Amino acid sequence: MATSSTATASLHLLLPASRRRQRHLLIPRASAHSDSPAVDRRRFIAAAAAPLVLPRWTPVARADDAPALSEWERVYLPIDPGVVLLDIAFVPDDPSHGFLLGTRQTILETKDGGNTWFPRSIPSAEDEDFNYRFNSVSFKGKEGWIIGKPAILLHTSDAGESWERIPLSAQLPGNMVYIKATGEQSAEMVTDEGAIYVTSNRGYNWKAAVQETVSATLNRTVSSGISGASYYTGTFNTVNRSPDGRYVAVSSRGNFYLTWEPGQPFWQPHNRAVARRIQNMGWRADGGLWLLVRGGGLFLSKGTGITEDFEEVQVQSRGFGILDVGYRSQDEAWAAGGSGVLLKTTNGGKSWVRDKAADNIAANLYSVKFLDNTKGFVLGNDGVLLRYLG
């Protein structure tokens, strides 16, 4: 430990000259009028030897000091703090092998089930003129696809050991936001303008599954009573696919939502049944819909299938918005949102409890992904990734 004189000298050098002059006045001196010079000398020595009191400081919490979540653990990633994680997928033939996507050209790979991740370099996706935002990844067997913005499409047939860049038409309407691997050399792709395309030859040819974009559909149906359709900007805010191939999408302003089922020629617009604007929508494990509104509200559709009849469920979101819901099973689901909000239900969504340990996560949690009933992840901003422990 440094002696008091050393500590005093160090502090002395940090002070401006005016403060140093003032500080000298604080040191007791022997007084000419003192009754006992020995006593004054002892007082001087005691004052000089007194421990220096410095301002209190709070140590920065390290990763090892972070509180453990009850059913989740945080996985620390080798990426910049500002990266937003967007999608995750694993190879069905090798459940320990997966890929994680994000902004700033982020592609990470794991070979131990998601415990550790390392950057994956794909030369064909490293263009100095673009800073790609990789939006979606999907695997079927060893067949895999990655899409991003600006428009980029990557394909693998060997479980991600090698990737090939597939050329895309410049006339593609909108930005690619979602892709689903459906079979050998086959996939289904969605853009933010409502175009749905399917391919069966590794992406070299695509066939439209809908006859027009959403903007064109709304221009025809605006007189049918769809509230807010006349102010529609022509893009989706979110889009989610059910296991049987149905889609639900939220308009960019949250005014209304749209649905599509295989075989339908057009998207079907629906009035929102709630007062607040819609944040996100998706599919429950039983085939019904969940709906999130801006400001933290959660609604569940009555019954299963596509409907406009919803009822609100009380949740403890602390005033922060809920951004996504993911079902682990028919009964258990998790909801995530702003400022580390993490909620759990064990009765299909009828009631929710908050995982308070997640309140300490200084990030917005954007996406809940359950790949099966044992493997789940929550993706957030600032490179935050949570792994489900069960």
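Residues numbered from 1 in each chain as written. Predicted model: local features only at pLDDT ≥ 70, side-chain atom pairs only at ≥ 80, totals over all residues. Heavy atoms only, no water.

## Here we look at the overall build of the chain
Consideration 1: When helices and strands are counted, the chain shows four helices and 28 strands.
Consideration 2: Counting the 390 residues in the chain, one finds 46% classified as buried.
Consideration 3: Counting contacts in the chain only where the partners sit at least 6 residues apart, residues at least 24 apart contribute 44% of the total.
Consideration 4: On the chain, roughly 19800 Å² of surface is accessible, and the fraction owed to carbon and sulfur atoms is 50%. (Helix = DSSP H or I, 4+ residues; strand = E, 2+ residues; numbered from the N terminus. Buried < 20%, exposed > 50% of the residue type's maximum accessible area, 1.4 Å probe, protein only. Contact = heavy atoms within 4.5 Å. Areas by Shrake-Rupley, 256 points an atom, 1.4 Å probe, with all protein chains shown as cover.)

## What to know about the sheet that holds strand β23 (residues 333–337)
Consideration 1: Strand order across the open sheet formed by four strands is β22-β23-β24-β25, with antiparallel pairing between neighbours. A single partner strand is all that each edge strand has here, and the edge strands are β22 (322–327) and β25 (353–354). (Pairing = 2+ DSSP bridges.)

## Some thoughts on the pairing of strand β20 (residues 297–301)
If a strand is regular, its side chains alternate between the two faces of the sheet.
Consideration 1: Across the five residues that make up β20, a large majority, five, are buried.
Consideration 2: Residues of β20 alternate between two faces, with Gly-297, Phe-299 and Ser-301 on one and Leu-298 and Leu-300 on the opposite face, all of them buried.
Consideration 3: With four bridges joining them, strand β19 (residues 289–293) and β20 adopt antiparallel strand pairing. Paired with Leu-292 across the bridge in β20 is Leu-298.
Consideration 4: Joining the antiparallel neighbours β19 and β20 is a turn of three residues, in which Gly-295 adopts a positive phi near 110°.

## Here's the deal with the environment of Trp-145
Consideration 1: Tracing the sequence through the fold places Trp-145 in strand β7 (residues 143–149).
Consideration 2: Trp-145 gets classed as buried once you look at its relative accessible area, which sits at 0%.
Consideration 3: Sequence separation of Trp-145 and Ser-186 is 41 residues, and the distance between their C-alpha atoms is 9.7 Å.

## What to know about the nonpolar core
Consideration 1: Counting 16 residues, the largest nonpolar core has Phe-134, Phe-139, Ile-146, Leu-154 and Trp-163 as the members making the most contacts within it.
Consideration 2: Contributions of two or more residues to this core are made by β2 (85–91), β3 (94–102), β6 (133–140) and β8 (152–156).
Consideration 3: In terms of residues, this core owes the most to one element, β6, which gives three residues.
Consideration 4: Not counting chain neighbours up to four residues away, the residues in contact with Ile-146 comprise Leu-101, Phe-134, Ser-136, Val-137, Ile-152, Leu-153, Leu-154 and Trp-163. (Core = buried A, V, L, I, M, F, W, Y, C linked by side-chain atoms within 4.5 Å.)

## A few points about the pattern of salt bridges
Consideration 1: Scanning all chains against the criterion turns up eleven salt bridges.
Consideration 2: We note a salt bridge from Glu-73 to Arg-387, for which the minimum N-O separation is 2.6 Å. Placement of Glu-73 in strand β1 (residues 72–75) and of Arg-387 in strand β28 (residues 385–388) is noted, with a sequence separation of 314 residues between them.
Consideration 3: Among the residues examined, Arg-387 registers a relative accessible area of 19% and is labelled buried. (Salt bridge = Lys/Arg side-chain N within 4 Å of Asp/Glu carboxyl O.)

## Describing the confidence of the model for the chain
Consideration 1: In the predicted model, the chain carries a mean pLDDT of 82, and 78% of its residues have values of at least 70.
Consideration 2: Below pLDDT 50 for its whole length, residues 1–39 participates in 19 contacts with residues either more than four positions away or in separate chains.
Consideration 3: This model gives residues 44–65 a pLDDT under 50, and the stretch forms ten contacts once residues within four places in sequence are excluded. (pLDDT = per-residue confidence, 0-100.)

## Comments concerning the environment of Arg-202
Consideration 1: Following the sequence through the fold, Arg-202 ends up in the loop between β12 (196–199) and β13 (207–208).
Consideration 2: Placed 38 residues apart in sequence, Arg-202 and Glu-164 show a C-alpha to C-alpha distance of 10.0 Å.
Consideration 3: Excluding anything up to four places from it in sequence, Arg-202 contacts Trp-145, His-155, Glu-164, Ile-166 and Gln-185.
Consideration 4: Only 2.4 Å separates the side chain of Arg-202 from the side chain of Glu-164, close enough to count as a polar contact. (Polar contact = N/O pair within 3.5 Å; in protein donor to acceptor, adjacent residues only side chain to side chain.)

## Some thoughts on the sheet that holds strand β15 (residues 247–251)
Consideration 1: In space, the four strands of this open sheet follow the order β14-β15-β16-β17, with antiparallel pairing throughout. Bordering the open sheet on either side are β14 (236–241) and β17 (268–271), each of which pairs with just one other strand. Averaged over neighbouring strand pairs, the angle between their axes works out to 25° when direction is ignored.
Consideration 2: As paired elements, β14 and β15 share five bridges and run antiparallel to each other. By the bridge assignment, Thr-238 is partnered in β15 with Val-250. (Axes fitted to C-alpha atoms, helices over the stretch in contact; angles between N-to-C directions.)

## Quick word on the side chain of Asn-381
Consideration 1: Mapped onto the secondary structure, Asn-381 falls in the loop between β27 (376–380) and β28.
Consideration 2: One polar contact links the side chain of Asn-381 to the main-chain amide nitrogen of Asn-364, over a distance of 2.8 Å.
Consideration 3: Beyond its immediate sequence surroundings of up to four residues, Asn-381 is in contact with Val-83, Val-84, Ala-363, Asn-364 and Tyr-366.

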